[in-house]
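Each chain, written out:
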2 protein chains.
Amino acid sequence: MAARMDGPGSADASSPASGETPAEPRSSTRLPPVISLAWGLQRRPARGPRPGLTLDRLVAAGIEVASTEGVGSLSMGRLAKQLGVGTMSLYRYVSAKDDLLTLMVDNALGRPPAIDPATQDWREGLTLWAEGVRAAYRRHPWALRVPITAPPLGPNNVAWLEAALQAQANTPLSEQEKLSSTLLISGFVRNESTLTADFARGAGAGGEQVMPKYGELLAMVLPEDRFPALHRAIHSGALSDEDDIDHEFDFGLQRILDGVAALIEQYGPGGGQSGRGAAP
Amino acid sequence: MAARMDGPGSADASSPASGETPAEPRSSTRLPPVISLAWGLQRRPARGPRPGLTLDRLVAAGIEVASTEGVGSLSMGRLAKQLGVGTMSLYRYVSAKDDLLTLMVDNALGRPPAIDPATQDWREGLTLWAEGVRAAYRRHPWALRVPITAPPLGPNNVAWLEAALQAQANTPLSEQEKLSSTLLISGFVRNESTLTADFARGAGAGGEQVMPKYGELLAMVLPEDRFPALHRAIHSGALSDEDDIDHEFDFGLQRILDGVAALIEQYGPGGGQSGRGAAP
DNA sequence: AGATAACTGCGTACATCGTACGCTGTAGTG
DNA sequence: CACTACAGCGTACGATGTACGCAGTTATCT
């Protein structure tokens, strides 16, 4: 785990890597090798022994370990043991651990639900979408602990993006606005899912107690005179409820969708495609 | 870096640690030791040699290293060298690296702007607030790479929370809703700041190119027939603009604030304090 | 004043990781 | 059958977080 938390001083980008044999269009910008892998754009070399494993098996085993022991415990050695191979064998399939993580996360997302703009309006569609992403994160909480290091290019990530755009197809929003709304909701769901995962069973990622205690802890720390607004909040009981966490998701999503609705209304009645042009 | 990415199977919580000498109120729930430190609730022991360092110097040096070389390069050894002491000396001030990071992040946030509900309405206040958080993250991009592992209890975090609540004081929202709105905005700003930081200078955390290329990369990967909505978006040029990133922030914030405004309007005209009770 | 206790600085040691390198064996190709 | 490109993987290295315990320091107690 290095590149995933590196700061300004890390420029290990290029290095043409090894097995890039793409059937992809020529271009100045190259596809990151991981992405070629994820889309299955790699030809298997003709010569040499047949590989004993497959990328899919690596990813599946990685997900299994991450699910049962947490990503924190997922080391290359651990994964190799799971698969009954030597540690270094894994590097025949994946050029670095980060690649594996990228693949695992994309895989964990799964396929998006089919959204038909003809039978569902944008709000239903985006709600379905957001709940779908949340469900995926609920199934694979470890995915939330993997930092995002690159824009979403994996097959499932892209499919989800497409689904969100389709949900907004019958909307007067510009393409830019559709993308922005999607980004907004996607980030929101990820945040909220992380919170939910941390709160679940009262243990944060560090292992400490979290939610119902939060108000109590805050109260212990506050110089009673400053922080009057916080005191009001604490004493209103707003920080003591246990099931708040589920409400947070609905609350946030409704707020965001209301905001998008307000934007759509600015385009005036009549709806329909329009695209381009800044909001009035 | 272990606990920060650990999954389900990590229960290293307790262990009464060493130097807890709190002047804090009795309670069943203990304050995490780091938090006592952050609020300066530790008495210096009477006996023994005077410490050669201070927590503040640790934190300041940590921030300096993180700022210039990235958090990824901030190791205990590196920090010790910066301070001209032995590595293990640091553990006299901080019980683990995670504590140091927590302290650093809280410190990086700085003090919130003063928000007076009498002269600013809630929307101005929250806008100011959001921009303040964003500015802090812009000053300390490395803070975005430190995973959140516990609810915000540091002095600055708490002060920012208070400020957000104060901005909404003259609002009919319930305390619960004020907190939820704050959480929503706070998460949003963090997300957006992370994206901005990654996009800045075209390098993601992994070191790859990011933004203007994103549309191009997507286009390389898409089976042209599926993903029609995405194709529309790409060809609209929505993914090619360079300065979109700054617009994203405004867009998202406006959407969220519009959503909050919609909620406030549901309370009907007249405004004023009310609190409690679910929305009509 | 001397003894004692509490504390600080920190050297050493260890366990864990990611992964570069290079050797050995294998499966198609010429 | 030789050759070549590739698969599996043992070994080794450099980082890193931190437990442990020793030696020196200082305030308090006798």
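Fair warning: this is a prediction, and the values are worked out from it, not measured in the lab.

**Digging into the overall build of chain A**
Stage number 1. The helix and strand inventory of chain A stands at ten helices and zero strands.
Stage number 2. Scanning chain A from its N terminus toward the C terminus, one meets helices and strands in the order α-α-α-α-α-α-α-α-α-α.
Stage number 3. Residue pairs at least 24 apart in sequence account for 64% of intrachain contacts in chain A once pairs closer than 6 positions are excluded.

**Brief notes about the protein's contact with DNA strand D**
Stage number 1. Near DNA strand D lie 27 residues; those nearest to it are A:Gly48, A:Gly52, A:Val85, A:Gly86 and B:Ser75.
Stage number 2. Looking at which element gives the most residues to the surface near DNA strand D, the answer is helix α3 (residues 76-83) of chain B, with three residues.
Stage number 3. Across the surface near DNA strand D, the residue classes tally to twelve nonpolar, nine polar and six charged.

**Section: the packing of helix α2 (residues 55-69) of chain B against α3(B)**
Residues and elements named next belong to chain B.
Stage number 1. Where α2 contacts α3, the axes come no closer than 10 Å and their chain directions differ by 110 degrees. By the angle class used here, α2 and α3 are roughly perpendicular. Handedness of the crossing formed by α2 with α3: right-handed. For the pair formed by α2 and α3, the contact residues are Arg57, Ala61, Gly62, Glu64 and Val65 on the first element and Arg78, Leu79, Gln82 and Leu83 on the second.
Stage number 2. Of the residues in the contact of α2 with α3, the class split is four nonpolar, two polar and three charged.

**As for unusual backbone geometry**
Stage number 1. Backbone geometry places A:Phe227, a non-glycine residue, at a positive phi of 65 degrees.
Stage number 2. Note that A:Phe227 resides in the loop between α8 (211-221) and α9 (228-235).

**As for helix α6 (residues 155-167) of chain A**
Stage number 1. Taking 1.5 Å per residue as the helical rise, α6(A) with its 13 residues ought to reach 18 Å, and the 18 Å between its terminal C-alpha atoms agrees with that figure.
Stage number 2. Taken together, the buried positions of α6(A) are A:Val158, A:Trp160, A:Leu161, A:Glu162, A:Ala163, A:Ala164, A:Leu165, A:Gln166 and A:Ala167.

**Some remarks on the environment of B:Gln168**
Residue and element names in this part refer to chain B.
Stage number 1. Within the element layout of this structure, Gln168 appears in the loop between α6 (155-167) and α7 (175-199).
Stage number 2. What makes Gln168 buried here is the crowd of 26 C-beta atoms within 10 Å.
Stage number 3. The spatial distance from the C-alpha of Gln168 to the C-alpha of Ser181 is 9.4 Å, given a sequence separation of 13 residues.

**Considerations on the environment of A:Ala130**
Residue and element names in this part refer to chain A.
Stage number 1. With respect to the helices, strands and loops of the structure, Ala130 is situated in helix α5 (residues 122-139).
Stage number 2. Sequence separation between Ala130 and Val71 is 59 residues, and the spatial gap between their C-alpha atoms is 24 Å.
Stage number 3. In this structure Ala130 touches Ile185, Val189 and Leu253, once residues within four positions along its chain are discounted.

**Concerning the nonpolar core**
Stage number 1. Ranked by internal contacts, the top residues of the largest apolar core, which has 135 residues, are A:Met104 and B:Met104.
Stage number 2. With sequence-adjacent residues up to four places away left out, B:Met104 is seen in contact with B:Val59, B:Gly62, B:Ile63 and B:Ala66.

**What to know about the packing of α2(B) against helix α4 (residues 97-109) of chain B**
Two numbers describe a pair of packed helices, the interaxial angle and the distance between the axes.
Residue and element names in this part refer to chain B.
Stage number 1. Axis separation between α2 and α4 bottoms out at 9 Å; the angle between their running directions is 80 degrees. As far as their axial angle goes, α4 and α2 are roughly perpendicular. Taking contact as the criterion, the partners of Leu58, Val59, Gly62, Ile63 and Ala66 in α2 are, on α4, Leu100, Leu103, Met104, Asn107 and Ala108.
Stage number 2. Its residues placed into classes, the contact of α2 with α4 shows eight nonpolar, two polar and no charged.

About the thresholds
Residues numbered from 1 in each chain as written. Chains lettered and ligands numbered in written order. Predicted model: local features only at pLDDT ≥ 70, side-chain atom pairs only at ≥ 80, totals over all residues. Helix = DSSP H or I, 4+ residues; strand = E, 2+ residues; numbered from the N terminus. Contact = placed C-beta atoms within 7 Å. Near = placed C-beta within 6 Å. Nonpolar A, V, L, I, M, F, W, Y, C, P; charged D, E, K, R; others polar. Axes fitted to C-alpha atoms, helices over the stretch in contact; angles between N-to-C directions. Parallel < 35°, antiparallel > 145°, perpendicular 65-115°, else oblique. Left-handed = near helix turned anticlockwise from the far one by under 90°. Expected span 1.5 Å × (residues − 1). Buried ≥ 20, exposed ≤ 12 C-beta atoms within 10 Å, placed from the backbone. Core = buried A, V, L, I, M, F, W, Y, C linked by C-beta atoms within 7 Å.

Function cannot be read off these values alone, since they describe shape.
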